[in-house]
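Chain by chain, the residues run as shown.
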Amino acid sequence: MATPILSVRDLHTQFFTDDGVVQAVDGVSFDLFPGETLGIVGESGCGKSMTALSIMRLVPEPGRITTGEVRFRGEDLLKKSPEEMREIRGRDIAMIFQDPQSSLNPVLQTGYQVEEAMLVHDKVPKEKAAERTIALLKQVRIPAAERRVKDFPHQLSGGMRQRAMIAMGLSNTPALLIADEPTTALDVTVQAQILELLEDLNREIDTSIVMITHNLGVVAGLCTRVIVMYAGRIVEEGPVERIFDNPQHPYTWALLRSIPRIDASRHERLRSIEGLPPDLIRPPRGCRFHPRCPFRVERCFTDDPVLEDVGPEQRAACWVTMKRAYEEMGARELVDVSPGSASGVHSAAKDG
Amino acid sequence: MAEPARRLEPAGTAAEPLVRVENLVKHFGAGLLTSVKAVDGVSFEIREGETLGLVGESGCGKSTLGRLITQLIPATSGTVSFGDVELTKLRGEKLRQQRRQLQMIFQDPYGSLDPRMTVGDIIAEPLDNYGIVRGRARATRIQELLRVVGLNPYFNNRYPHEFSGGQRQRIGIARALALNPRLIVCDEAISALDVSIQAQVINLLEDLQREFELTYLFIAHDLSVVRHISDRVMVMYLGKIVEIADSAEIYESPKHPYTKALLSAIPVPDPKIQRNRRLVELSGEIPSPINPPSGCRFHTRCPIARVPGICADTEPPLEMKAPDHVAACHFSDEVALVTAPAE
């Protein structure tokens, strides 16, 4: 394969709080290749958004990137000066967020804000900027773009605001677009349109995309490769088909079975993952997933697993892996789910 | 929980209606002469023992409808009957007594619990309101309710901030169960939770339904969750019901183009399927509920509407299109031909 456009190595981002040091991103390494769409999935607090903000060097206080490398086109972004970073942000790497409402300035016209994004980077002469803004708004399928450029953000619907954000992100044709839950606040029909739009942009202008989301359906449609994060670490990565068809980490496996599917018949009981994600100030010893893992062995309590090859281009950090869980531990699609058990009712009743 | 067992019809069959809604309207004043037509003339039934899913996009009126049914807000016109009692006619103490049987679980597990009350007091508040139990019996009941929702019964003296989102939602469920209600309206009850925790709460709601013979109105924007938990699904668009059917039936053969578009937009966590799905494109944006379109409210965005023509002129009635399947569309026969998600 080609040289990666983005190479993250052993990234650590920590939050220094009164209660202790939160290890939000704890040794994350991955590559992104030109034109690729990479999904980073996981639940709240797993470190997926912090990984993105670390790449952009936008980690909020009291957080700090403590060690690691973020190589973009071969250069380490963590060694850049704040001025150099400002140049890169918006020009080479753009980021879109979940909430377009708070990312747009409410007292400036939408068109002006898109124009401004181009003018700060001197990419387009001033005379051309207005013209290009309209073209961009058309490209993200905002109807009546010529009129809409004069609208203030509150005059646009949620979906249109997100499209305007994407137009702004694309205004300098960045090589890399990082999208952090860009459709989570939107209705499903609008979400579907935004996802189609991102897909087209990836195809048409060859922008590499990092899609950060908790929604596995979104990843299935858009991404070619997936990284699954849990408690600040990558627990599994691989091509999207492998991760969905043949997950090897029990967390990935359980996550895929805990979501109801629109195309499934009713009343297959959902497989829930017992317990809660760990406290990242004092993460569990050994594998961080072991307290919730149905297939843990003795070693999982003490030894920290590292990412190892488990299939073609697929890696997982697990001492057991699902292959063994199926072969030796009787893992079945709905093993150990008796009525009541997965809802937590019976286990708690036993304690009490 | 000791309460005389109620008769439970198998879910999905034509059981007795527990709730009957007729021509219900809620307009919110938005100016001197304008009003937001949040719910604009809806009629339907909720059957005893079933889970009726209610879906639609933001602003379609689904949450307002939930609040109208539980009598949290007064209706502009129309009726809501619970069993033999017409709730919309009742006032004061008589309404208060009926309300015991209708409870609600809210979306935000952080905002819906008073941070200064202990969990025990939160759960017992409905019991205190109605003066049902005191002293020892009250403490026992709190522990019983905590156990029922899968929390440690000895957590009664803790405060909400000591619990995770999923656990708080369990506290909200325990509070809703305190008065042995017959109907629980779940308004986006699991939307704010992480996926692995969502599954725990969905499973809990299903267990509780079986154990206490509950009827649910399950309001959510996530159609996958609604399909999973519901016996029947009702779809709303701009204050109107556009379709009601059995949840498998509505997924397999929707009779309203809006339902079809909504279904085609749900991402499926399977790359092979998701890659090849085709979206039923809706043109434009959702119109304002202050000034809804004439005729069929969906005609401005509908892929099969006759405009100008009947769709812009005449409002389609909600009528039977198949057994136990109603929809409000002049051309429901054509819905099957609208570009389907390819397999």
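Just so it is clear, the model here is predicted, and its values are computed rather than measured.

## Quick notes on the overall build of chain B
When its secondary structure is counted, chain B shows eleven helices and twelve strands. Relative to the globule expectation of 20 Å for 343 residues, the C-alpha radius of gyration of chain B, 21 Å, shows essentially globular dimensions. Burial analysis of chain B (343 residues in total) assigns 57% to the buried set. Across chain B, the fraction of contacts at a sequence separation of at least 24, relative to all contacts at a separation of at least 6, is 65%. Surface accessibility of chain B: about 14000 Å² in total, with carbon and sulfur atoms responsible for 50%. A distance of 4 Å separates the average location of the 39 positive side-chain charges in chain B from that of its 42 negative side-chain charges.

## A closer look at the environment of A:S103
All names here are of chain A. Along the chain, the position of S103 falls in helix 3 (residues 100–103). Sequence separation between S103 and M165 is 62 residues; the distance between their C-alpha atoms is 7.8 Å. Contact partners of S103, with chain neighbours within four places excluded, come to F97 and M165.

## Some words on helix 5 (residues 165–177) of chain B
Residue and element names in this part refer to chain B. Over its 13 residues, helix 5 runs 19 Å from end to end, which matches the ideal 18 Å to within 8%, given 1.5 Å per residue. Burial analysis of helix 5 places twelve of its 13 residues in the buried class, which makes it a mostly covered element. Three or more residues of helix 5 are buried, namely G165, G166, R168, Q169, R170, I171, G172, I173, A174, R175, A176 and L177. Looking at the buried positions of helix 5, the neighbouring elements they touch are strand 6 (102–105), helix 3 (119–129), helix 4 (135–148), strand 7 (183–187) and helix 6 (195–212).

## Some details on the pattern of salt bridges
All names here are of chain A. This model, assessed by the stated rule, comprises 42 salt bridges over all chains. Taking the shortest distance from any N to any O, the salt bridge between K80 and E75 comes out at 2.3 Å. A relative accessible area of 16% places K80 in the buried class. Assessed through its relative accessible area of 44%, E75 is described here as partly exposed. Salt bridges sharing common partners tie together D26, R233, R288 and D304.

## Here we look at the sheet that holds strand 5 (residues 85–86) of chain B
All names here are of chain B. Pairing is antiparallel in the open sheet, where four strands are placed in the order 2-1-4-5. Across the chains shown, the open sheet's two edge strands, defined by having one partner strand only, are strand 2 (35–47) and strand 5. As paired elements, strand 1 (residues 17–29) and strand 2 share ten bridges and run antiparallel to each other. Bridge pairing in strand 2 links V21 to F44.

## Points about the nonpolar core
Soluble globular proteins tend to pack their nonpolar side chains together in the buried interior. Residues B:V149, B:I173, B:L177, B:L208 and B:F218 are the most contacted members of the largest nonpolar core, which totals 73 residues. Of the residues forming this core, the biggest block, eight residues, is contributed by helix 6 of chain B. Setting aside its immediate chain neighbours within four residues, B:I173 contacts B:I105, B:V149, B:V201, B:L204, B:L205 and B:L208. Of all hydrophobic cores here, the second largest spans 66 residues; its members include A:I96, A:M160, A:C223 and A:A254.

## What to know about the packing of helix 5 (residues 126–139) of chain A against helix 7 (residues 158–170) of chain A
All names here are of chain A. It is at 9 Å that the axes of helix 5 and helix 7 come closest, and there the two elements cross at 125°. The angle between the axes of helix 5 and helix 7 places the two elements in the oblique class. As helix 5 runs across helix 7, the sense of the crossing is right-handed. Contact residues: helix 5 offers R132, L136 and L137, while helix 7 offers A164, A167 and L170. Tallied by class, the residues present in the contact of helix 5 with helix 7 amount to five nonpolar, no polar and one charged.

## Some points on the sheet that holds strand 3 (residues 51–55) of chain B
All names here are of chain B. One open sheet holds the eight strands; their spatial order is 6-7-8-3-9-10-12-11, and the pairing between them is mixed. The sheet terminates laterally at strand 6 and strand 11 (319–322), the two strands that pair on one side only. If you compare each strand with its neighbour and ignore which way they point, the axes differ by 25° on average. Pairing geometry for strand 11 and strand 12 (residues 325–327), over three bridges, is antiparallel. Across the sheet, the residue bridging to A322 is H325, located in strand 12. Helix 9 (residues 257–265) rests against strand 3, strand 9 (232–237) and strand 10 (240–246) of the sheet, and its axis sits at about 105° to strand 9.

## Regarding the interface of chain B and chain A
Interfaces are frequently sized by the accessible area removed from exposure as the parts join. Listed as interface residues are 50 residues of chain B and, on the opposing side, 55 residues of chain A. Looking at the side of chain B facing chain A, the largest losses of area belong to B:V195, B:H228 and B:P269, adding up to 14% of the total buried there. Summed over the shared surface of chain B and chain A, the number is four salt bridges. Its salt-bridge partner being A:R269, residue B:D207 comes within 3.1 Å of it at the nearest N-O pair. Inspection of the region where chain B meets chain A yields 13 residue pairs in polar contact (both at pLDDT 80 or more). Mapped by element, the contributors of at least two residues to the side of chain B that touches chain A are helix 4, helix 5, helix 6, helix 7 (223–229), helix 8 (247–252), helix 9 and helix 10 (271–276) of chain B. Broken down by element, the side of chain B that touches chain A gets its largest block of residues, eleven residues, from helix 6 of chain B. In terms of residue class, the side of chain B that touches chain A is built from 24 nonpolar, twelve polar and 14 charged.

## Description of the packing of aromatic side chains
Think of a pair of aromatic rings as described by two things: how far the centres are apart, and how the planes are tilted against each other in angle. Summed over all chains, the structure comprises nine aromatic pairs over all chains. With a centroid separation of 5.4 Å and an interplanar angle of 65°, the aromatic rings of A:W253 and A:F295 are classed as edge-to-face. Of this pair, A:W253 sits in helix 11 (residues 250–257) while A:F295 sits in the loop between helix 11 and strand 11 (308–311), and the two are 42 residues apart along the sequence. For A:F295, a relative accessible area of 4% translates into the label buried. A:W253 sits in the buried class, given a relative accessible area of 0%. Feature note: the residues A:Y230, A:Y251 and A:F289 constitute an aromatic cluster, connected by ring pairs. Here the basic side chain of B:R158 rests over the ring of B:F155, its NZ or CZ set 4.0 Å away from the ring centre.

About the thresholds
- Residues numbered from 1 in each chain as written.
- Chains lettered and ligands numbered in written order.
- Predicted model: local features only at pLDDT ≥ 70, side-chain atom pairs only at ≥ 80, totals over all residues.
- Heavy atoms only, no water.
- Helix = DSSP H or I, 4+ residues; strand = E, 2+ residues; numbered from the N terminus.
- Rg over C-alpha atoms; globule rule 2.2 N^0.38 Å.
- Buried < 20%, exposed > 50% of the residue type's maximum accessible area, 1.4 Å probe, protein only.
- Contact = heavy atoms within 4.5 Å.
- Areas by Shrake-Rupley, 256 points an atom, 1.4 Å probe, with all protein chains shown as cover.
- Lys, Arg positive; Asp, Glu negative; His and termini not counted.
- Charge placed at Lys NZ, Arg CZ, Asp CG, Glu CD.
- Expected span 1.5 Å × (residues − 1).
- Salt bridge = Lys/Arg side-chain N within 4 Å of Asp/Glu carboxyl O.
- Pairing = 2+ DSSP bridges.
- Core = buried A, V, L, I, M, F, W, Y, C linked by side-chain atoms within 4.5 Å.
- Axes fitted to C-alpha atoms, helices over the stretch in contact; angles between N-to-C directions.
- Parallel < 35°, antiparallel > 145°, perpendicular 65-115°, else oblique.
- Left-handed = near helix turned anticlockwise from the far one by under 90°.
- Nonpolar A, V, L, I, M, F, W, Y, C, P; charged D, E, K, R; others polar.
- Buried area = accessible area lost by both parts, 1.4 Å probe.
- Polar contact = N/O pair within 3.5 Å; in protein donor to acceptor, adjacent residues only side chain to side chain.
- Phe/Tyr/Trp six-rings, centres within 6.5 Å; stacked < 30°, edge-to-face > 60°.
- Lys NZ or Arg CZ within 6 Å of the ring centre and 35° of its normal.

Fair warning: the whole summary comes from geometry, so function is off the table for now.
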